[in-house]
Amino acid sequence: MKKLIFSIIAVMSLTTAIAQDNDRPRRDGQRNFDRTEMLKRRTDDVVKKYNLNSEQAEKLLALNTKFADKLNPRMGGFGRGRGSRPAPNFGGGNGGNRPEMTEEMRQNMEKMRQERQVAQKQYDAELQTIMTPEQFKAYQEDAEKRMQEGRRRGGGPRGQRNQE
C-alpha cells in the first residue's frame, strides 16, 4: 500500500513539474517568451527608452515584426553589436571538439552577414521615418555604444577581441 501511495505522489509531482515547465524561469531569471511576446516586449522597451507615442509604437511593432527573421532568425536580440554570444570554436588548436570551418561554411557565414547588414540598413531607414530626428539620433548613439561594448567583450568582427 505504501508503494502505491508513493508511486501516485511521484507521478503527480512529475506531472506538475512538466506542466509548469513553460512558466518556469530560465537560468537568467527571464520567463520563456513566445515570438509575439518577445516582439512586443522589445518594442515596449524601445517605446519607453526613446519616449515614443502610441502611433509610433504601433508602427515600430509592425517594423519589428517585419524584420524579426531578417535581423535575428533565432530571436536572440534586436539591435546591433550585442556581442553577448561567444565566438564559435572551430578547432584552432585550443582543444575544441568542433570541426574546422570549411570554405563553404565561411562563404555562407559571409553571405548571411551581408544579408543582415542590408536588412539592418533597411530597418534603420524605416525606423528613421517613425522616430523624430532627436529620437533616432539617440537610438544611433545607443546602437554605437552597444557595438563598441560588444567588441570589448570579444564580439567584434568574426569574434576577434580588440587588443586594447
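About the criteria used
Residues numbered from 1 in each chain as written. Predicted model: local features only at pLDDT ≥ 70, side-chain atom pairs only at ≥ 80, totals over all residues. Heavy atoms only, no water. Helix = DSSP H or I, 4+ residues; strand = E, 2+ residues; numbered from the N terminus. Buried < 20%, exposed > 50% of the residue type's maximum accessible area, 1.4 Å probe, protein only. Contact = heavy atoms within 4.5 Å. Areas by Shrake-Rupley, 256 points an atom, 1.4 Å probe, with all protein chains shown as cover. Axes fitted to C-alpha atoms, helices over the stretch in contact; angles between N-to-C directions. Parallel < 35°, antiparallel > 145°, perpendicular 65-115°, else oblique. Nonpolar A, V, L, I, M, F, W, Y, C, P; charged D, E, K, R; others polar. Core = buried A, V, L, I, M, F, W, Y, C linked by side-chain atoms within 4.5 Å. Patch = residues over 30% accessible without salt bridge, like charges linked within 9 Å, V, L, I, M, F, W, Y side chains within 5 Å. Salt bridge = Lys/Arg side-chain N within 4 Å of Asp/Glu carboxyl O. Expected span 1.5 Å × (residues − 1). Bend = angle between axes of the 7 residues up to and from the residue. pLDDT = per-residue confidence, 0-100.

Draft legend 1. Region of the structure containing the overall build of the chain. For the chain, the helix and strand inventory stands at five helices and zero strands. The secondary structure elements of the chain, listed N-terminal to C-terminal, are α-α-α-α-α. Within the chain, buried positions represent 23% of all 164 residues. Counted over contacts in the chain with a minimum sequence separation of 6, partners at least 24 positions apart contribute 54%. If you sum the accessible surface of the chain, you get close to 12500 Å²; carbon and sulfur atoms cover 52% of it.

Draft legend 2. Highlighting the packing of helix 3 (residues 54-71) against helix 4 (residues 103-130). The interhelical angle for the contact between helix 3 and helix 4, taken along N-to-C directions, is 175°, at an axis separation of 10 Å. In terms of orientation, helix 3 lies roughly antiparallel with respect to helix 4. Together, Gln56, Lys59, Leu60, Leu63, Asn64, Lys66, Phe67, Lys70 and Leu71 of helix 3 and Arg116, Ala119, Gln120, Gln122, Tyr123, Glu126, Leu127 and Ile130 of helix 4 make up the contact between the two elements. Classifying every residue of the contact of helix 3 with helix 4 gives eight nonpolar, four polar and five charged.

Draft legend 3. Summary view of the nonpolar core. Leu60, Leu63, Tyr123, Leu127, Met131 and Tyr139 are the most contacted members of the largest nonpolar core, which has 15 residues in total. Looking at this core, the elements with two or more residues in it are helix 2 (35-50), helix 3, helix 4 and helix 5 (133-152).

Draft legend 4. Layout of a nonpolar patch on the surface. A contiguous nonpolar patch, built from Met1, Leu4, Ile5, Ile8, Ile9 and Met12 and spanning about 650 Å² of accessible area, is present on the exposed surface. On the secondary structure map, methionine 1 appears in the segment before helix 1 (2-19). Here methionine 1 falls in the exposed class, since its relative accessible area comes to 75%.

Draft legend 5. Here's a closer look at helix 3. Between its first and last C-alpha atoms helix 3 spans 24 Å; for 18 residues at 1.5 Å apiece the expected length is 26 Å, and the two agree. Largest kink in helix 3: about 30°, centred on threonine 65. What helix 3 keeps buried is the set Gln56, Ala57, Leu60, Leu63, Asn64, Phe67, Ala68 and Leu71. Residues of helix 3 that are buried make contact with helix 2, helix 4 and helix 5.

Draft legend 6. Up close: the confidence of the model for the chain. For the chain, the mean per-residue pLDDT works out to 76, and 63% of the residues sit at or above 70. Scored below 50 in pLDDT, residues 158-164 makes nine contacts in the model with residues more than four places away or belonging to other chains.

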